[in-house]
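Spelled out from the first residue to the last, the chains are:
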Amino acid sequence: MALRPVQVNIKALDHSAVGRFWAEALGWGAHSPGVTTYTGPAGGTVWPEPVGLGIDVVPVPEPKMTAKNRVHLDLATTSAAHQAELVARMKALGATPAHVGQVDVPWTVLTDPEGNEFCVLEPREIYRDTGPIAAVVVDCVDPRAMARFWGAAMDWPLHEVTDDRAVFRSAKGVGPYLEFLRTPDAKTVPDRVHLDLLPYAGDDKAAEVARLRALGATDLDLGQGDVPWTCLSDPEGHEFCVLGPS
């Protein structure tokens, strides 16, 4: 048994506006199933996305705290001109330059209209075939511990693990990477951005959740009430959800 990451979940005061921002920024489509706005590759009719991760924007009443998100997106570019064009387009859509401690780096740090950080990367060969999202990046204290937990939790193979980072990608060799990068600061505030995982057809969601608890996941009460998904946190406190059958 194993779970698959299927979408990045972003909390927002105005989920429709944030969903439209990401759709226009990535060249994707956006629609609103229920109370969320889902953003995915334009023309896509299959969920979950067969070759990548969608973005699900969920309305919440609280604005983002001033602390940097522990989870952010890195966007891929194919040339220096493409990077400059993408940064300019993002700013025109409402993105704002941000300083999160970077000094002299080749990537550009921005925030979306509600302050969620993301990076527009310089061209990198490793991300040439990921699509617009190069990686979902998670700040953590111990990448090796994250590699053990997430490697057992999901079906994405581990590509690299060092004291400084752990890197996963779908076994299909497509879509974005999932990267855990070492940071000296422990998590102190709730995540504004998190991953949603989904069991495969025929797998037992309750059994998967029990397996995650045995691996070190902790139940999380966000006031979600009686819902078909289960909220958990990993051993470092990063929130994630195990979705029920759609």
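Scroll up for the structure.
Conventions used here
- Residues numbered from 1 in each chain as written.
- Predicted model: local features only at pLDDT ≥ 70, side-chain atom pairs only at ≥ 80, totals over all residues.
- Heavy atoms only, no water.
- Pairing = 2+ DSSP bridges.
- Helix = DSSP H or I, 4+ residues; strand = E, 2+ residues; numbered from the N terminus.
- Buried < 20%, exposed > 50% of the residue type's maximum accessible area, 1.4 Å probe, protein only.
- Disulfide = S-S within 2.5 Å.
- Polar contact = N/O pair within 3.5 Å; in protein donor to acceptor, adjacent residues only side chain to side chain.
- Contact = heavy atoms within 4.5 Å.

Side note on the sheet that holds strand S13 (residues 193-199)
In a beta sheet, neighbouring strands pair by backbone hydrogen bonds and run either parallel or antiparallel.
Point 1. One open sheet holds the eight strands; their spatial order is S2-S3-S4-S1-S13-S16-S15-S14, and the pairing between them is mixed. Every interior strand has two partners, whereas the edge strands, strand S2 (28-31) and strand S14 (218-219), have only one.
Point 2. Where S13 meets strand S16 (residues 239-242), three bridges bridge the pair, whose relative direction is parallel. Bridge pairing links Leu197 to Val242 in S16.

So, the environment of Tyr177
Point 1. Of note, Tyr177 is situated in strand S12 (residues 177-182).
Point 2. Look at Tyr177 and you get buried, because its relative accessible area is 7%.
Point 3. C-alpha separation for the pair Tyr177 and Ala92, spaced 85 residues apart in sequence, amounts to 27 Å.

Focus on the state of the cysteines
In protein chemistry, a disulfide is the covalent bond that joins the sulfur atoms of two cysteines.
Point 1. Counted according to the given criterion, the structure contains zero disulfides.
Point 2. In this structure Cys119 is a free cysteine whose sulfur lies 16 Å from that of Cys140, the closest cysteine sulfur available.
Point 3. The structure places no disulfide on Cys241, whose sulfur is separated from the nearest cysteine sulfur, that of Cys231, by 3.6 Å.

Considering the side chain of Asp74
Point 1. Here Asp74 is to be found in strand S5 (residues 71-75).
Point 2. Of the polar contacts made by the side chain of Asp74, one reaches the side chain of His72; its length is 3.1 Å.
Point 3. With residues up to four places along the chain from it excluded, the contact list for Asp74 reads Cys119, Leu121, Pro132, Ile133, Ala134, Ala135 and Val137.

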